[in-house]
Amino acid sequence: TGTGNWGGGEDESAALRACTAYGRWRMAAFDGSGLQEGSQKDYDAQFTGPHTGMIYTPPKYSDHIAVSLLLGPNAHGSESLALQGD
């Protein structure tokens, strides 16, 4: 399993590091000021190498996360894949 380049781990602390880009993203303030602005480095943190795991996007992009699945060259077996017609 993996979460990109966030140091691994499968506990609450690892999840917090991954979803906040090591604390660079913070929750929206309750004063109505909205979400924080980030630096280019903060926004680029979502781009990691190929991996199987979660992809955390900056808060202004989405409040959802994406999931990545890295398959090897023989993941589908020796049979050819083909679409079947109606």
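Structure shown above.
S.K.: When you look at a nonpolar patch on the surface in this model, what are you seeing that I'm missing?
M.R.: Together, Met54, Ile65 and Val67 make up an exposed nonpolar region whose accessible area comes to about 290 Å². Structurally, Ile65 is set in strand 2 (residues 65-68).

S.K.: Help me understand the side chain of Gln36 in this model?
M.R.: As for its position among the elements, Gln36 is in the loop between helix 1 (12-19) and helix 2 (40-44). Exposure remark for Gln36: the relative accessible area of 17% places this residue in the buried category. Here Arg24 takes part through its backbone oxygen, which lies 2.7 Å from a polar atom of the side chain of Gln36. A distance of 3.0 Å separates a polar atom in the side chain of Gln36 from the backbone nitrogen of Arg26.

S.K.: Explanation requested: the side chain of Ser68 in the structure shown.
M.R.: Mapped onto the secondary structure, Ser68 falls in strand 2. Residue classification places Ser68 among the buried positions, given a relative accessible area of 18%. Separated by 2.6 Å, the side chain of Ser68 and the backbone oxygen of His51 make a polar contact. When sequence neighbours within four positions are dropped, the list of residues in contact with Ser68 reads His51, Thr52, Gly53 and Ile55.

S.K.: Looking at this structure, I do not really get the environment of Thr57. What am I missing?
M.R.: Position of Thr57 among the secondary structure elements: in the loop between strand 1 (53-56) and strand 2. Taking relative accessible area as the criterion, Thr57 reaches 25% and is therefore assigned partly exposed. Those residues in contact with Thr57 that sit more than four places away from it in its chain are Gln46, Ser62 and His64.

S.K.: What am I meant to see in the packing of aromatic side chains here?
M.R.: Two aromatic rings, taken as a pair, are described by how far apart their centres are and by the angle between their planes. On inspection of all chains with the given rule, the structure shows two aromatic pairs. Ring centres of Trp25 and Tyr43 lie 5.1 Å apart, and the angle between their planes is 75°; this geometry places the pair in the edge-to-face category. Of this pair, Trp25 sits in the loop between helix 1 and helix 2 while Tyr43 sits in helix 2, placing them 18 residues apart in sequence. Each ring, one from Tyr43 and one from Tyr61, has its centre 5.3 Å from the other, and the planes form 40°; the classification is tilted. Taken together, the residues span a long stretch of sequence, with Tyr43 in helix 2 and Tyr61 in the loop between strand 1 and strand 2 at a distance of 18 residues. Taking relative accessible area as the criterion, Tyr61 reaches 53% and is therefore assigned exposed. Linked through ring pairs, Trp25, Tyr43 and Tyr61 together constitute an aromatic cluster.

The rules we used
- Once a new chain begins, its residue numbering starts again from 1 and follows that chain's sequence as written.
- For this predicted model, a pLDDT threshold of at least 70 governs which residues receive local features, and a threshold of 80 or more governs which side-chain atom pairs are given and counted, while totals over whole chains, interfaces and linings are taken from all residues.
- Just so you know, side-chain values use all the structure's heavy atoms and leave hydrogens and water out.
- Patch building starts from residues that exceed 30% relative accessible area and form no salt bridge, then joins like charges within 9 Å and nonpolar side chains (Val, Leu, Ile, Met, Phe, Trp, Tyr) within 5 Å.
- Method for areas: the Shrake-Rupley scheme with a 1.4 Å probe, in which residue coverage is limited to the protein chains shown.
- Salt-bridge detection follows one rule: a side-chain nitrogen of Lys or Arg within 4 Å of a carboxyl oxygen of Asp or Glu.
- Secondary structure elements are taken from DSSP: a helix is a run of H or I of four residues or more, a strand is a run of E of two residues or more, and numbering for both begins at the N terminus.
- Burial classification: accessible surface area is computed with a 1.4 Å probe over protein chains only, and a residue below 20% of its type maximum counts as buried, one above 50% as exposed, and the rest as partly exposed.
- The definition of a polar contact used here is a pair of N or O atoms within 3.5 Å, where within protein one atom must be able to donate a hydrogen and the other to accept one, and adjacent residues in sequence count solely through side-chain atom pairs.
- Any pair of residues with heavy atoms lying within 4.5 Å of one another is described as a contacting pair.
- Paired rings are identified among Phe, Tyr and Trp, the last through its six-membered ring, by centres lying within 6.5 Å, and are further divided according to the angle between planes into stacked (under 30 degrees), edge-to-face (over 60) and tilted (the rest).

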